[in-house]
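Okay, here's what each chain looks like letter by letter:
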Amino acid sequence: MTANIRAAAVLTVALLISACATEATSQYYRPRGQDQNWEVSGELHKATRKVTIRINGAEALTGTLSWLSLEGDFRGTYRGHPVAASCHNVEKWLSSYVRCDVLIDNEKAASLVF
């Protein structure tokens, strides 16, 4: 009986943690001199405020939004290309969301919404 309760508790915690992540719709960007588009995607873990930006499935940058403003500027690289994201909270009348503008080689590549 105790093993069943423990297993149920572990499963419940795992489901709660996975449910706290919001994934942005992927967008596509073709850098200068490249033949193929790059897929820009991202994920926001609301409980920890951790933002992860991926390019073609590879982690390009990660950072943590501020507690009060839900904002942050982050930098990383992908295949030697500089990647930057400027994230901020957008409040509407009855809702709010986080938007991250992603730049690759100082050129706007995507605007991800969480």
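Below or above, wherever it landed, is the structure these notes cover. Since this is a predicted model, take the numbers as computed values, not measurements. (Residues numbered from 1 in each chain as written. Predicted model: local features only at pLDDT ≥ 70, side-chain atom pairs only at ≥ 80, totals over all residues. Heavy atoms only, no water.)

## So, the pairing of strand β3 (residues 38-45)
Part 1 of the argument: Burial of β3 is extensive: six of the eight residues sit out of reach of the surface.
Part 2 of the argument: With three bridges joining them, strand β1 (residues 21-23) and β3 adopt antiparallel strand pairing. By the bridge assignment for β3, Thr22 is matched with Leu44.
Part 3 of the argument: Bridge count for strand β2 (residues 27-29) against β3 is three bridges, and the pairing is antiparallel. Of the residues in β3, the one forming a bridge with Tyr29 is Trp38. (Buried < 20%, exposed > 50% of the residue type's maximum accessible area, 1.4 Å probe, protein only. Helix = DSSP H or I, 4+ residues; strand = E, 2+ residues; numbered from the N terminus. Pairing = 2+ DSSP bridges.)

## Overview of the nonpolar core
Part 1 of the argument: If you look at the biggest cluster of nonpolar residues, it comprises 24 residues, and the most contacted ones within it are Val40, Ile53, Val83, Cys87, Val102, Ile104 and Leu112.
Part 2 of the argument: Of all the secondary-structure elements, those providing two or more residues to this core are β3, β4 (50-55), β5 (58-64), β6 (72-78), β7 (81-91), β8 (96-104) and β9 (107-113).
Part 3 of the argument: In contact with Ile53, other than residues within four places in its own chain, are Val40, Ser41, Gly42, Ala58, Glu59, Ala60, Leu61, Ala85, Val102 and Leu112. (Core = buried A, V, L, I, M, F, W, Y, C linked by side-chain atoms within 4.5 Å. Contact = heavy atoms within 4.5 Å.)

Everything listed here is a matter of coordinates, which is why it stays silent on function.
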